[in-house]
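Overview (structure and organization)
Here are the chains, one letter per residue:
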Amino acid sequence: MPETRPAASLQTPQENINVLVIDDEEGMREGMRRVLERRGFSVRTARDGETALRLLEEEPADVALVDLKMPGIDGFKVTEHITRRFAGRTVVVIVSALATVEAAVEVTQHGAFDFLVKPFTPDDLVQVANRAAQQWRLIRERERYLSELASERNMSHQMIASMHEGVVVLNIRREPVLMNPRAEHFLGTHFRDGITLPDLFPDLEIQAAIEAVVDSVGGRPETRVLQHAMGEGGASASTRTGAWEGMLSVSVSPLMLDGERGGAIVIITDVTESWKAEQDKNRFVSMVAHELKSPLSAIINYINVILTGMFDDNPAKVREMLERCKVRGEALLDLVRDLLYINSREVGKVERSIEDLDLKAAISSQLDFFKVQTEKRHIRASLDAPLAGYPVKADRGDLDRIFMNLISNGIKYNRERGSLAVRIADTGDAWEVTVSDTGIGMSEAELSRIFQEFYRVKSPKTSGIAGTGLGLATVKRVLGEYNGRITVHSKPDAGSAFSVVFPKG
Amino acid sequence: MARILIVDDDTDLIEGQKAFLEKNGYVIETALTVEEGLEKAKATAPDIIIADLMMEHYDSGFVFCKKVRELPGLGKVPILMQTAAPRKVGFTFEAGGAPGREWMKVDEVLTKPVPLEHLVGKIEQYLSGSTQNA
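Residues numbered from 1 in each chain as written. Chains lettered and ligands numbered in written order. Predicted model: local features only at pLDDT ≥ 70, side-chain atom pairs only at ≥ 80, totals over all residues.

Describing the overall build of chain A
A tally of helices and strands in chain A yields 15 helices and 17 strands. When the 505 residues of chain A are sorted by exposure, 31% land in the buried category. Summarising the internal contacts of chain A: among those between residues at least 6 apart in sequence, 60% fall at separations of at least 24. (Helix = DSSP H or I, 4+ residues; strand = E, 2+ residues; numbered from the N terminus. Buried ≥ 20, exposed ≤ 12 C-beta atoms within 10 Å, placed from the backbone. Contact = placed C-beta atoms within 7 Å.)

This is how it looks when you write it as structure tokens:
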């Protein structure tokens, strides 16, 4: 007889339950099939244990109704096999004659879910089958829940492991209980059972912050954020070898479990870059403050001296001091102008407007602009640019700033009756502009620092020359934006030659 | 007549202070660099030194003070440091405190621009101190 599964009745609640009836009595088998199919169960039948096992291998059953007394492989063995092979998949109901109730109970204890005592009414059968089906659903639900839970846990675990930030979780006894690879990398230590807070954070300030968050009593414990230097010069340098180096931001948040304090979560972020930028900015601001105060001090000092009246009988001396006040005041104005330019550049307030420009025209106009100064110091200025045009793509303000600085330096640091030669050469894909002077020149040590912000060559020869210390730094920075570059050759007391390479436009 | 050495890389500041202090009867020597300052200190044996902090380097003044103290006869010369530097310039120093002054080997740290009367007052204070010790 072919064992087929009839189409389940749609009106019944048990349409998805797949039942295997195992009984050696054909009448009993078929009677059970009819009753169950009428209730919507999908039913297969097996005449003996061997057939049952084969059918189960083909497709596991949700509910198996197992007759205990069968020739060959009996109900005990079939139950044993099912509970071993299909644990959590098939719900077994033992069907047995009254005489073997004790045995049925025994089998139940060994994994069968329920038993049905012969003889039984169709209602008895349906009741047991429904209970078994219900049990099967519960088992499936629980399994699905567990597998979802497992995959969620797995997911959380992988998420934490994949995080760019270091994560350390501490329990209420301040013991580290979880640590992701990034945290191990930052802290230079591996997670192990029994690892302690000081093992991870030797820094006392961080320990204190973590303890404060974990131990906080009353109120809402708050997140604390600290910075922590690692490696060179850092607090942990001496205790760790091969540890990561840089600046960490350590944020400690309370870990709440069901509304109760459960420990702390420590998130570790690499803030080295922004920390360095901040350091640079602080240093820059300090330098600016100093550079603003120095000329003001000189000016106020002169004015104070004049105001004492001690030089009232020497108008020439007073005038000399006022002249210097003017020079220093103007230099101060230049400094503010340069600072504003740098700032506008930094914050991107000023959009560059790139135009087709001519280097020769830009340089000529700057030379004209400085004509008064060159003539005053009897400096011979020349421009050697034989071609008709030197096209570049640049912002006009940037180009002016570059050559204004170089030409102004070529005049300021030149000698009386010296020369200032500007030459434009073709290097293939770029123009090379060389601005040479016959001035005081620079030593190797001085040359190495002239592109630093606020560096100024300081010697008796330069002491009266006003400058902001920002000119060449700005030139270098602006050129960088055009993939250009600047180099310098210089000889003390002979002169300097600055070469700007600017891509052709 | 008391001799004063002013070491500062700002010619204008030097010029102003020199003009004022000379009118007050002091003999003024000036130097623009640490090196020049040390030479002048050695050559003129000043009664008091006024030195800038940030010259060629941000800590030139400290270097200068330390080296002056090593010169024969200048171990105890009063040094007034004047600076326009903010409190923090790459390192922290608490100029107002005694330990800071001890570490820097200077007697007094003044903030630029130093009021002229204040400058003269300080000079007189240290000059009288040194005459008492002598």
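Some words on the environment of A:Val78
Residue and element names in this part refer to chain A. As for its placement among the helices and strands, Val-78 is situated in helix 3 (residues 75-85). Val-78 gets classed as buried once you count the C-beta atoms within 10 Å, which come to 28. The sequence separation of Val-78 and Ile-22 amounts to 56 residues, and the corresponding C-alpha distance is 9.4 Å. When sequence neighbours within four positions are dropped, the list of residues in contact with Val-78 reads Ile-22, Gly-49, Ala-52, Val-66 and Ile-73.

Examining the nonpolar core
B:Ile4, B:Ile49, B:Ala51 and B:Ile79 are the most contacted members of the largest nonpolar core, which has 42 residues in total. In contact with B:Ile4, other than residues within four places in its own chain, are B:Leu21, B:Tyr26, B:Ile28, B:Pro46, B:Asp47, B:Ile48, B:Ile50 and B:Ile123. Listed in part, the 36 residues of the second largest apolar core include A:Phe41, A:Val63, A:Leu68 and A:Val95. (Core = buried A, V, L, I, M, F, W, Y, C linked by C-beta atoms within 7 Å.)

A look at the sheet that holds strand 8 (residues 224-230) of chain A
Sheets are built from strands that pair by backbone hydrogen bonding, the pairs being arranged parallel or antiparallel. Residues and elements named next belong to chain A. Ordered by their spatial adjacency, 5 strands build an open sheet running 7-6-10-9-8, and the pairing between neighbours is antiparallel. In this open sheet, the two edge strands, each paired with only one partner strand, are strand 7 (176-179) and strand 8. The average undirected angle you get between the axes of adjacent strands in this sheet is 25°. Where strand 6 (residues 166-170) meets strand 7, 3 bridges bridge the pair, whose relative direction is antiparallel. From the neighbouring strand, Val-169 faces strand 7, where its bridge partner is Leu-178. Of the strands in this sheet, strand 6, strand 8, strand 9 (246-257) and strand 10 (260-270) touch helix 8 (residues 204-215), which is tilted by about 155° from strand 8. (Pairing = 2+ DSSP bridges. Axes fitted to C-alpha atoms, helices over the stretch in contact; angles between N-to-C directions.)

Re unusual backbone geometry
Of note, the amide linkage connecting A:Lys118 to A:Pro119 takes the cis form, showing an omega dihedral of -5°. Among the secondary structure elements, A:Pro119 is positioned in the loop between strand 5 (114-118) and helix 5 (122-162). Here the bond from B:Lys112 into B:Pro113 is cis, since omega is -10°, no more than 30 degrees from zero. As for its placement among the helices and strands, B:Pro113 is situated in the loop between strand 5 (108-111) and helix 5 (116-133). The residue A:Arg174 is not glycine, and still its phi comes out positive at about 65°. Residue placement: A:Arg174 occurs in the loop between strand 6 and strand 7. At A:His378, a position not held by glycine, the phi torsion is positive, near 55°. Relative to the helices and strands, A:His378 is located in the loop between helix 12 (371-376) and strand 12 (380-384). Given 11 C-beta atoms within 10 Å, A:His378 falls into the exposed group.

Focus: the interface of chain B and chain A
At the interface, 24 residues of chain B touch 23 residues of chain A. Looking at the side of chain B that touches chain A element by element, the count peaks at 8 residues for helix 1 (residues 11-23) of chain B. Residue composition of the side of chain B that touches chain A, by class: 12 nonpolar, 5 polar and 7 charged. (Nonpolar A, V, L, I, M, F, W, Y, C, P; charged D, E, K, R; others polar.)

Some thoughts on the packing of helix 9 (residues 272-307) of chain A against helix 1 of chain B
Taken N-terminus to C-terminus, the directions of helix 9 of chain A and helix 1 of chain B make an angle of 20°; their axes are 8 Å apart at the nearest point. In terms of orientation, helix 9 of chain A and helix 1 of chain B fall into the roughly parallel class. For the pair helix 9 of chain A and helix 1 of chain B, the sense of crossing is left-handed. In this structure, helix 9 of chain A contributes A:Ser297, A:Ala298, A:Asn301, A:Tyr302 and A:Val305 to the contact, and helix 1 of chain B contributes B:Asp12, B:Leu13, B:Gly16, B:Gln17, B:Ala19 and B:Phe20. For the contact of helix 9 of chain A with helix 1 of chain B, a count of residues per class yields 6 nonpolar, 4 polar and 1 charged. (Parallel < 35°, antiparallel > 145°, perpendicular 65-115°, else oblique. Left-handed = near helix turned anticlockwise from the far one by under 90°.)

What about the packing of helix 11 (residues 359-369) of chain A against helix 13 (residues 396-412) of chain A?
Residue and element names in this part refer to chain A. The contact between helix 11 and helix 13 brings their axes to 9 Å, and the two run at 45°. When the interaxial angle is binned, helix 11 and helix 13 end up oblique. The interaxial crossing formed by helix 11 with helix 13 has right-handed handedness. Listed contacts from helix 13 to Ala-362, Ile-363, Gln-366 and Leu-367 of helix 11 are Leu-399, Asp-400, Phe-403, Met-404 and Ile-407. In terms of residue class, the contact of helix 11 with helix 13 is built from 7 nonpolar, 1 polar and 1 charged.

Here's the deal with the sheet that holds strand 1 (residues 18-22) of chain A
Residues and elements named next belong to chain A. Reading across from one edge, 2-1-3-4-5 is the order of the 5 strands in this open sheet, with parallel pairing throughout. Whereas interior strands pair on both sides, the edge strands pair on one side only; in this sheet they are strand 2 (42-46) and strand 5. Neighbour-to-neighbour, the strand axes of this sheet turn through a mean angle of 20°, independent of strand direction. In the sheet, strand 3 (residues 63-67) pairs with strand 4 (residues 91-97) via 5 bridges, with the strands oriented parallel. Note that in strand 4 the partner of Asp-67 across the bridge is Val-95. Along the sheet, helix 1 (residues 26-38) contacts strand 1, strand 2 and strand 3; its crossing angle with strand 2, the most-contacted strand, is approximately 175°.

Section: helix 8 of chain A
Residues and elements named next belong to chain A. If you check helix 8, its first and last C-alpha atoms are 16 Å apart, about what 12 residues at 1.5 Å a residue would give, namely 16 Å. Along helix 8, the residues that are buried comprise Ile-206, Ala-209, Ile-210, Val-213 and Val-214. Buried residues of helix 8 fall within an arc of 130° about the axis and therefore sit on the same side. Set apart from the buried face of helix 8 by more than 90 degrees, the exposed residues are Leu-204 and Asp-215. (Expected span 1.5 Å × (residues − 1). Arc of directions from axis to C-beta.)

So, to be careful, I would describe these as geometric facts and stop short of saying anything about function.
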